[in-house]
Amino acid sequence: MVSLQTPVCNFGWKAPDFDLPGVDGKRYTLQTAMGENGLLVMFICNHCPYVQAIRPRLVRDCRELRDHHGINSIAIMSNDPADYAEDSFDNMQKVAAEFEFPFPYVFDASQTVARAYDAVCTPDFFGFNRGFELQYRGRFDASRKETAPEGVRRDLFEAMKQVAQTQKGPLEQIPSMGCSIKWKSE
């Protein structure tokens, strides 16, 4: 398993559009996913221990960002399920239901969206203001393959709350770390 870190936030970078199928049978675009104050685009998957370590907290934080701060979230799964059956569309549906995802969970079968975003790992977080300008590309919290202790700083939540209030992200951001995107062999 390859562990990678995300690059530094490219403030103001414009979010590439997408049109992807969700596990709920609907299709989602960048515009339909956007919240009143911003959008969190997350590249996640089912099998990655880095994602598994934060899933309950991610659900909590995304629900709070949506309900109290006008920040919507969308989770994109771009791994090749041919090599990772746990990441199949059927299993995406099961995980979304089990954890009661408060956000669309969509499948990037062609991997073109992951490439357009230069996503490198799961989880990889892209926090945009309402103008679709990148304001956060950092970690969720201090969790790695194990869940960090209760009470650690909620890096992603605090950053997106700031985006909701000011439309600007924090200048200092700690990169996210996770499993490499599982690219299709070319």
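Note that the coordinates shown come from a computational prediction; the quantities given were computed from them, not determined experimentally.

Run through the pairing of strand 5 (residues 71-77), naming residues and quoting values.
Among the seven residues of strand 5, six are classified as buried, and the element is accordingly described as predominantly covered. The sheet contact formed by strand 4 (residues 38-43) and strand 5 spans six bridges and is parallel. Bridge pairing in strand 5 places L39 opposite N72. As paired strands, strand 5 and strand 6 (residues 105-107) are joined by three bridges and run parallel to one another. Each residue of the ladder has a partner; that of M77, found in strand 6, is F107.

How would you sum up unusual backbone geometry? Please name residues and give values.
At the junction of T122 and P123, the peptide bond is cis and its omega measures out at 0° in the coordinates. Along the chain, P123 falls in the loop between strand 7 (121-122) and strand 8 (124-129). Of note, the phi angle at E100 is positive, near 50°, even though the residue is not glycine. Position of E100 among the secondary structure elements: in the loop between helix 4 (89-98) and strand 6. Since its relative accessible area comes to 55%, E100 is described here as exposed. One non-glycine residue, Q111, lies in positive phi territory at about 65°. Within the fold, Q111 resides in the loop between strand 6 and helix 5 (112-117). Here Q111 falls in the buried class, since its relative accessible area comes to 2%.

Lay out the pattern of salt bridges with the relevant residues and their values.
This structure, assessed with the given rule, holds 10 salt bridges. For D61, the salt bridge is made with R60, and the minimal N-O distance between the two is 2.7 Å. The exposure class of R60 is partly exposed, given its relative accessible area of 32%.

Parameters at a glance
Residues numbered from 1 in each chain as written. Predicted model: local features only at pLDDT ≥ 70, side-chain atom pairs only at ≥ 80, totals over all residues. Heavy atoms only, no water. Buried < 20%, exposed > 50% of the residue type's maximum accessible area, 1.4 Å probe, protein only. Helix = DSSP H or I, 4+ residues; strand = E, 2+ residues; numbered from the N terminus. Pairing = 2+ DSSP bridges. Salt bridge = Lys/Arg side-chain N within 4 Å of Asp/Glu carboxyl O.

The quantities given are spatial measurements derived from coordinates; they are silent on function.
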